[in-house]
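Remarks on the overall topology
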Amino acid sequence: MTAASAANLLAGSLLGAWAGAAWAVRMRSATLYKVLAALMVLMAAALVVTHTTPLDALALPLWAQVPCGVAAGFGIGVVAAIMGVAGGELLIPTIVLLFGVDIRTAGSLSLLVSLPTMLVAFARYSRDGSFAVLGANLRFTMVMAAGSVVGAVLGGLLLGVFSDLVLIPLLAVILLVSAIKLARHD
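Right, let's walk through the structure included here.

1. Details of the packing of helix H2 (residues 29–52) against helix H8 (residues 164–184)
One way to put it is that H2 packs onto H8 with a least axis distance of 8 Å and a crossing angle of 165°. Classed by the angle they form, the pair H2 and H8 counts as roughly antiparallel. Remark: the crossing between H2 and H8 carries left-handed chirality. Of the residues in H8, those touching H2 at Tyr 33, Lys 34, Leu 36, Ala 37, Met 40, Val 41, Met 43, Ala 44, Leu 47, Val 48 and His 51 are Asp 164, Ile 168, Leu 171, Ala 172, Leu 175, Leu 176, Ser 178, Ala 179, Leu 182 and Ala 183. Residue composition of the contact of H2 with H8, grouped by class: 17 nonpolar, 2 polar and 2 charged.

Okay, here's the thing in structure tokens:
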């Protein structure tokens, strides 16, 4: 993966994050729940497909990697901003498939793209005062933040303990159950 390809993926992701956050703040709550539910179903499907089917890199010519990188980055940025995730679950397979990079390098590159992407989404949400609810619910916010840190540490410590044969179906089921709950939300 060339530096230019990474830059194009990042450029698309930053634009997508801004657009996704702008769309999310304008959506009615009922619509946002449905969009989130649909994205969770798509992510569950992508998770299962990418972990059960051997996929080779697309071997795109260099001239096609640039627009494909920008377009893929834009889509990933939109999803990351709407779902409030860094997009790594979409970035890693995209980097591997579009640019033929090994999985470890793709993981590192995804971190480099994810952080600026989430900062752009954060900046866009901040413009509309979307984070005022966090200050109003400070105790809840702190508990969720602490839980996230503890979960990340435990996840890192348990890395390699459970096989993909257990984790992938479990994560897919969690995503699908969450999607059903969101789709039924009033």
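2. Concerning helix H3 (residues 62–83)
In an α-helix there are 3.6 residues to a turn, and that puts residues three or four apart on one side. Over its 22 residues, H3 extends 31 Å from the first C-alpha to the last, a length consistent with the 32 Å expected when each residue adds 1.5 Å. For H3, the full list of buried residues reads Ala 64, Gln 65, Gly 69, Gly 73, Ile 76, Gly 77, Val 78, Val 79, Ala 80, Ala 81, Ile 82 and Met 83. Remark: Gly 84 follows H3 within two positions and exhibits a positive phi of approximately 75°.

3. Concerning H8
Taking 1.5 Å of rise per residue, 21 residues should cover 30 Å, and H8 covers 30 Å from first to last C-alpha, within 8% of that figure. Inspection of H8 places Ile 168, Ala 172, Ala 179 and Leu 182 among the buried residues, and these make up the whole buried set. Projection of H8 onto a plane perpendicular to its axis shows the buried side chains occupying an angular sector of 90°, all on one side. Set apart from the buried face of H8 by more than 90 degrees, the exposed residues are Lys 181 and Arg 184. The inward-facing, buried residues of H8 abut H2.

4. A word on the packing of aromatic side chains
Applying the stated criterion across every chain, the model contains 1 aromatic pair. Geometrically, the ring pair formed by Trp 23 and Phe 74 is edge-to-face, given 6.4 Å between the ring centres and 75° between the ring planes. Taken together, the positions of Trp 23 in helix H1 (residues 3–26) and Phe 74 in helix H3 put the pair 51 residues apart, joining distant regions of the chain. The exposure class assigned to Trp 23 is partly exposed, which follows from its relative accessible area of 40%. Lying across the ring of Trp 18, Arg 124 places its NZ or CZ 5.6 Å from the centre.

5. Overview of the layout of surface pockets
It is the rolling of a water-molecule-sized probe over the atoms that shows where space remains empty. Volume-wise, the second largest pocket comes out at about 680 Å³. Residue lining of the second largest pocket: 17 residues in total, with Ile 82, Met 83, Gly 84, Tyr 125 and Phe 131 positioned closest to the centre. Mapped onto the lining of the second largest pocket, the elements with two or more residues apiece are H1, H2, H3, helix H5 (103–127) and helix H6 (132–136). The dominant element in the lining of the second largest pocket, judged by the number of residues it contributes, is H5, at 4 residues. Residue classes in the lining of the second largest pocket are distributed as 15 nonpolar, 2 polar and no charged.

Parameters and conventions
Residues numbered from 1 in each chain as written. Predicted model: local features only at pLDDT ≥ 70, side-chain atom pairs only at ≥ 80, totals over all residues. Heavy atoms only, no water. Axes fitted to C-alpha atoms, helices over the stretch in contact; angles between N-to-C directions. Helix = DSSP H or I, 4+ residues; strand = E, 2+ residues; numbered from the N terminus. Parallel < 35°, antiparallel > 145°, perpendicular 65-115°, else oblique. Left-handed = near helix turned anticlockwise from the far one by under 90°. Contact = heavy atoms within 4.5 Å. Nonpolar A, V, L, I, M, F, W, Y, C, P; charged D, E, K, R; others polar. Expected span 1.5 Å × (residues − 1). Buried < 20%, exposed > 50% of the residue type's maximum accessible area, 1.4 Å probe, protein only. Arc of directions from axis to C-beta. Phe/Tyr/Trp six-rings, centres within 6.5 Å; stacked < 30°, edge-to-face > 60°. Lys NZ or Arg CZ within 6 Å of the ring centre and 35° of its normal. 1 Å grid on protein atoms, 1.4 Å probe; cavity = no way out; pocket = protein on both sides within 12 Å on 5 of 7 lines; lining within 4 Å. Points joined across faces, edges and corners; volume = space filled by probe spheres on them.

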